[in-house]
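Inside the fold
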Amino acid sequence: MSRGDKLNVIITGASSGIGRELLKIFADKGHCVIAVARREDKLQEIKEEFGEKVKVICKDISKPENIDKLYGEIKELDIEVDLLINNAGTGEHGLFWEIDIKSQMEIVDLNIRGLTYLTRIFSEDMIRKGGGGIINVASTAAFQCGGALLGVYYASKSYVLALTEALIEEMEYRGVRVMALCPGPTSTEFKGMSTKRKGLEKFYITTPRQVAECCYKDYFKGKNICVPGFLNKIIIFTTRFLPRKVQRKIVRRIQEKKKRLL
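Since the model is a prediction, treat every value here as computed from it, not as a measurement.

Turning our attention to the packing of helix α3 (residues 64-76) against helix α4 (residues 101-129). Interaxial distance between α3 and α4 falls to 10 Å at its minimum, and their mutual angle equals 30 degrees. Viewed along their axes, α3 and α4 adopt a mutual orientation that is roughly parallel. Between α3 and α4 the crossing geometry is right-handed. Contacts from Pro-64, Ile-67, Asp-68, Leu-70, Tyr-71, Ile-74 and Lys-75 of α3 reach α4 at Arg-113, Gly-114, Tyr-117, Leu-118, Ile-121, Phe-122 and Asp-125. For the contact of α3 with α4, the class distribution of residues is nine nonpolar, one polar and four charged.

Let's shift gears to a positive patch on the surface. Positive charge collects at one region of the surface, where Arg-244, Lys-245, Arg-248 and Lys-249 lie side by side. Counting through the fold element by element, Lys-245 comes out in helix α8 (residues 244-261). By relative accessible area, which is 55% here, Lys-245 ends up exposed.

A general feature of soluble globular proteins is that nonpolar side chains tend to end up buried together. Judged by nonpolar contacts, the single largest core of 33 residues is most densely connected at Ile-10, Ile-61, Ile-74 and Phe-122. Those elements that place two or more of their residues in this core are β2 (32-37), α3, α4, α5 (151-171) and β6 (176-181). Among all residues touching Ile-61, those that are not within four sequence positions of it are Thr-12, Val-36, Ile-67, Leu-70, Ala-88, Leu-110, Gly-114 and Leu-118.

For strand β1 (residues 8-12), the buried fraction is high: four of the five residues fall into the buried class. Strand direction decides the pairing type here: β1 and β2, joined by five bridges, are parallel. Paired with Val-9 across the two strands is Val-33, which belongs to β2. You can see the chain leave β1, run along helix α1 (residues 17-28) and come back into β2, and the turn it takes is right-handed. As paired strands, β1 and strand β4 (residues 83-86) are joined by three bridges and run parallel to one another. The residue bridging Val-9 from the neighbouring strand is Leu-83, located in β4.

What follows covers the packing of α1 against helix α2 (residues 40-50). Two elements in contact, α1 and α2, have axes separated by 12 Å at closest approach and are oriented at 20 degrees. With respect to α2, the axis of α1 lies roughly parallel. Handedness of the α1/α2 crossing: right-handed. Touching Arg-20, Leu-23, Lys-24, Ala-27 and Asp-28 of α1 are Glu-45, Ile-46, Glu-49 and Phe-50, all from α2. Residue composition of the contact of α1 with α2, grouped by class: four nonpolar, no polar and five charged.

Here is what the cut-offs are and how they apply
Residues numbered from 1 in each chain as written. Predicted model: local features only at pLDDT ≥ 70, side-chain atom pairs only at ≥ 80, totals over all residues. Heavy atoms only, no water. Axes fitted to C-alpha atoms, helices over the stretch in contact; angles between N-to-C directions. Helix = DSSP H or I, 4+ residues; strand = E, 2+ residues; numbered from the N terminus. Parallel < 35°, antiparallel > 145°, perpendicular 65-115°, else oblique. Left-handed = near helix turned anticlockwise from the far one by under 90°. Contact = heavy atoms within 4.5 Å. Nonpolar A, V, L, I, M, F, W, Y, C, P; charged D, E, K, R; others polar. Patch = residues over 30% accessible without salt bridge, like charges linked within 9 Å, V, L, I, M, F, W, Y side chains within 5 Å. Areas by Shrake-Rupley, 256 points an atom, 1.4 Å probe, with all protein chains shown as cover. Salt bridge = Lys/Arg side-chain N within 4 Å of Asp/Glu carboxyl O. Lys, Arg positive; Asp, Glu negative; His and termini not counted. Charge placed at Lys NZ, Arg CZ, Asp CG, Glu CD. Buried < 20%, exposed > 50% of the residue type's maximum accessible area, 1.4 Å probe, protein only. Core = buried A, V, L, I, M, F, W, Y, C linked by side-chain atoms within 4.5 Å. Pairing = 2+ DSSP bridges. Right-handed = clockwise from strand over helix to strand, strands pointing away.

Structural data, given as structure tokens:
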């Protein structure tokens, strides 16, 4: 696939943040976008803004039965998906034993189960037709050995990166392009960490728009891993030489500072 091709693109978590910016870029470039999110009011805003250029489907993809329904609705629309962007994700800041267990399982269900299920059912169609693409949104957190106060989130993003790298090898010769998007701290609507909180701004290295633009560019350049922002690239490179114990301590100090600002 090249930039000149007009693609049918599914974007999950398209109602805000990185997903919303990806939607804008692909729609403005003339691609047919299917925006998937669970907030109906936000999807209505998208529909009013973009009109026929974007189709909206309200689904909570943390539940497998909803993914089956989503797949069925797309088939009913007679749309052949060319690119799946698994952007939907969540996380919660706090000590592992203090965070509500239901919230933790929601992170697993959305970040891991939902992403895996969507990738599985749409990749089969892509393999069958001999072409397509998948972008899985991981994080720079996936390159680190663990994140105190965001333990389940960090673990889920490590899973996303590991799965994506496996799929890169499996699908490379089947005509399916696979890429991991690994943004660092980005000013999005992260659960429990609103970008409007005073003092948190210093932790944000990129904006959603910068991440989306880098993703679009790197995907069509044929890259397998996209890390937006020069500083994020430096951070990832540096972690290769730091002992795991040191990495854990650094991440904990950063997250503790964030917690004091919440």
